[in-house]
Amino acid sequence: MNKLRISVNDLAWYTFHIFIFVKAFTGPLTLYFPYIRFLPIAMMILLLGYKVYTGVLKGEKIVLLIVFFMLYVVIGIVNNSLVGSVFGIYIFVPFLFALFYSTVLYERIFFDNARFNFFYFLSCAAGIFYVNQFGASWIGAEQEIGGVTKVVSRDWISDGMMRNPGFTGTSVSSATLIIISCTFLGFHLISKRRLISLVTLFAMSGYLIYLTTTKTTMVTLGFVFVLAFCSSLITRYTVKITFLILTLFSYYCMFNMNNVSTGMLTNTMLIRIYQTWPNAMLLLENPVQYFIGKGFGSIGVPTYYFTPAEANSADNMFVYLYVIFGMASLIFAFYAMMKFLYFRFESSKESKHFFIMTLVVLTGGITSNLFEASFYSIYGGVIIGLILSYKTRFKLT
């Protein structure tokens, strides 16, 4: 009798699937089973613990990363609160899980995944159309979990139009899942030379994202469609230059605190540039905090729950990291950017797929909080993990 054997890599893959499934159906699932949201996170924590354990036994430098994170938990406790700091590092779990298992997940996510993405594209589309026609009981519903009131699925209005979350928890999550699944399906259709199907897919995706009123994702979808017809070389340089410019732009805006606007702005991008990003830097109260950061729980969701007077969504991964880690985040961003600019694949097809998906995920991290956005977080962890593990060559490509 053969024994059923499941490797750690298989467990990581199943955990990824469970996480995506729970987040894709957050609305109806957590409305009736509120604690199911913690299942994939618990599995991720166990797998991260295994990774740390084996890393320590092998003498890897992973222990230094753990010490670094624990230090910022302590800093977060000093500057904020115990529960806020712990919740702050809890938010990083999906990203760290994907980062540590990036090689395993990349091989399974980027290849032979058409059925997986087709299922989530259709489920997301069904959710958006259903909510658009009938509404849903999970939108605006609240639950009390651990003494904290949590909204099941956000009820937002933008320019008089509902920001449709479909079956997910937010309109941003819904739009993100659409563009990610659309991009992967687009790769499949291009390989099969089905141009009409490709155009239909992107047109439908554009309409679905329109219903979520997520403007940045709509613009990114347009870029993806154009790059789908470009060569691998043009795609690689376009994505690298675009992300470099967006990174420099982010740092310029966040440190430009003299240009903060207190007026009533309606454009969400202008709100980020003139209010959200520079105001986030004002959370740093003294030169020490500007240098070392304020620790976990200082920005984003934890502030809305535990320090509402200082609540700031960040809406930018560089802003988010700087408030938490200070200058250490700047050093990391510089190192990661250098690795990214030198990064390449030998296969032009694989290179094109990777860089287009990088455009989708990392540009999303510029206009939303990558670490707190479920789908951006886990796909971003895979992409950044792959980039960081790349052995840099001294030739810009």
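Each residue is numbered by its place in its chain's sequence as written, counting from 1. This being a predicted model, a pLDDT of at least 70 is required before a residue's local features are given, and a value of 80 or more before pairs of side-chain atoms are given or counted; all residues contribute to the totals for chains, interfaces and linings. As a rule here, side-chain values cover all heavy atoms of the structure and leave hydrogens and water aside.

## What about the side chain of Asn 164?
Note the threshold: Helical segments are the DSSP runs of H or I of at least four residues, strand segments are the runs of E of at least two, and each set is numbered from the N terminus. Three exposure classes are used, based on accessible area relative to the maximum for each residue type with a 1.4 Å probe and protein chains only: buried under 20%, partly exposed in between, and exposed over 50%. Working rule for contacts: check all heavy atoms of both residues, and any pair within 4.5 Å makes them a contact.
Looking at where Asn 164 falls in the secondary structure, it is placed in the loop between strand 4 (161-162) and helix 9 (171-191). The class of Asn 164 is buried, set by a relative accessible area of 1%. Beyond its immediate stretch of four places on either side in the chain, Asn 164 contacts Gly 127, Ile 128, Val 131, Asn 132, Ser 171, Ser 174, Leu 211 and Thr 212.

## Regarding the pattern of salt bridges
How we decide: Salt bridge, as used here: a side-chain nitrogen of Lys or Arg that lies within 4 Å of a carboxyl oxygen of Asp or Glu.
A complete count under the given rule lists 4 salt bridges for this structure. Residues joined in a network through salt bridges with shared partners are Glu 285, Lys 294 and Glu 310.

## Quick look at the nonpolar core
Buried together is how nonpolar side chains tend to be arranged in soluble globular proteins. This is how it is decided: Remark: nonpolar core denotes a set of buried residues (Ala, Val, Leu, Ile, Met, Phe, Trp, Tyr, Cys) joined through side-chain atoms within 4.5 Å.
Within the largest apolar cluster, 112 residues are counted, with the highest numbers of intra-cluster contacts made by Phe 92, Phe 354 and Tyr 379. With 10 residues, the single largest contributor to this core is helix 9. If we ignore the near neighbours within four places in the chain, the residues touching Tyr 379 are Phe 16, Ile 20, Ile 109, Phe 116, Ile 180, Phe 184 and Val 361.

## A look at the pairing of strand 1 (residues 142-145)
As a reminder of what qualifies: For two strands to count as paired, DSSP must find a minimum of two bridges between them.
Alternating residues of strand 1 divide into Gln 143 and Ile 145, all buried, and Glu 142 and Glu 144, none buried. The pairing of strand 1 with strand 2 (residues 148-151) spans 4 bridges and is antiparallel. Looking at strand 2, one finds that Glu 144 is bridged to Thr 149.

## Comments concerning a nonpolar patch on the surface
Condition: Every patch collects residues that have over 30% relative accessible area and no salt bridge, joining them within 9 Å if they carry like charges and within 5 Å if they are nonpolar side chains (Val, Leu, Ile, Met, Phe, Trp, Tyr). Using the Shrake-Rupley algorithm and a 1.4 Å probe, accessible areas are obtained, with residue cover drawn only from the displayed protein chains.
A surface patch of nonpolar side chains, about 440 Å² in accessible area, is lined by Phe 129, Met 204, Tyr 207, Tyr 210 and Met 218. It is helix 10 (residues 195-212) that provides the largest number of residues to the nonpolar patch, a total of 3 residues. With respect to the helices and strands, Met 218 occurs in helix 11 (residues 215-227). Judged by its relative accessible area of 30%, Met 218 is partly exposed.

## Brief notes about the packing of helix 12 (residues 232-255) against helix 18 (residues 348-367)
Our working rule: Every axis corresponds to a line fitted to the C-alpha atoms, with the helix fit spanning only the stretch in contact, and the corresponding angles, defined between N-to-C directions, vary from 0 to 180 degrees. Orientation is classified from the angle alone, with under 35 degrees giving roughly parallel, over 145 giving roughly antiparallel, 65 to 115 giving roughly perpendicular, and any other angle giving oblique. Each crossing gets its hand from how the near helix is turned against the far one by less than a right angle, where anticlockwise is left-handed and clockwise is right-handed. Each residue gets one of three labels, nonpolar for Ala, Val, Leu, Ile, Met, Phe, Trp, Tyr, Cys and Pro, charged for Asp, Glu, Lys and Arg, and polar for the others, Gly among them.
It is at 9 Å that the axes of helix 12 and helix 18 come closest, and there the two elements cross at 20 degrees. Overall, the two elements helix 12 and helix 18 adopt an arrangement that is roughly parallel. Note on packing geometry: the crossing formed by helix 12 with helix 18 is left-handed. Residues Ser 232, Thr 235, Arg 236, Val 239, Lys 240, Thr 242, Phe 243, Leu 246 and Ser 250 of helix 12 pack against Ser 348, Ser 351, Lys 352, Phe 355, Ile 356, Thr 358, Leu 359, Leu 362, Thr 363 and Ile 366 of helix 18. Taken together, the residues that form the contact of helix 12 with helix 18 break down as 8 nonpolar, 8 polar and 3 charged.

## Observations concerning the packing of aromatic side chains
So the rule is basically this: Under the pairing criterion, centres of Phe, Tyr and Trp rings, with the six-membered ring standing for Trp, must be within 6.5 Å; the plane angle then separates stacked pairs below 30 degrees from edge-to-face pairs above 60, leaving the rest tilted. In our convention, an over-ring charge means Lys NZ or Arg CZ found within 6 Å of a ring centre and within 35 degrees of that ring's normal.
Per the stated rule, a full pass over the model turns up 56 aromatic pairs. Look at Phe 68 and Phe 69: their rings are 6.0 Å apart centre to centre, the planes differ by 80 degrees, and that puts the pair in the edge-to-face class. Among the residues examined, Phe 68 registers a relative accessible area of 28% and is labelled partly exposed. For Phe 69, a relative accessible area of 10% puts it in the buried group. Here the aromatic rings of Tyr 251 and Phe 255 are separated by 6.3 Å at their centres, their planes lie at 15 degrees, and the arrangement is stacked. One end of the pair, Tyr 251, and the other, Phe 255, are both in helix 12, 4 residues apart, so they sit about a helical turn from each other. Its relative accessible area of 35% is what places Phe 255 among the partly exposed residues. Across the ring face of Tyr 101, the terminal group of Lys 51 is positioned such that the distance to the ring centre comes to 4.6 Å.

## Description of the confidence of the model for the protein chain
So the rule is basically this: Per-residue confidence from the predictor is reported as pLDDT, a score between 0 and 100.
Looking at the protein chain as a whole, its pLDDT mean stands at 88, while 94% of the residues score no less than 70. Low pLDDT (under 50) marks residues 393-397, which in the prediction has 13 contacts with non-local residues, meaning those over four places away or in another chain.

## What to know about helix 7 (residues 102-109)
Along an α-helix, residues three or four apart share an orientation, since each turn contains 3.6 residues. Regarding helix 7, the residues found buried are Ser 102, Val 104, Leu 105, Tyr 106 and Ile 109. Contact partners of the buried residues in helix 7: helix 1 (8-24), helix 6 (93-100), helix 9, helix 18 and helix 19 (374-388).

## Things to note about the environment of Phe 68
The topology assignment puts Phe 68 in helix 4 (residues 62-79). As for Phe 68 and Gly 88, which are separated by 20 residues in sequence, their C-alpha atoms are 14 Å apart. Ignoring sequence-local partners within four residues, the contact set of Phe 68 consists of Phe 325 and Ala 328.

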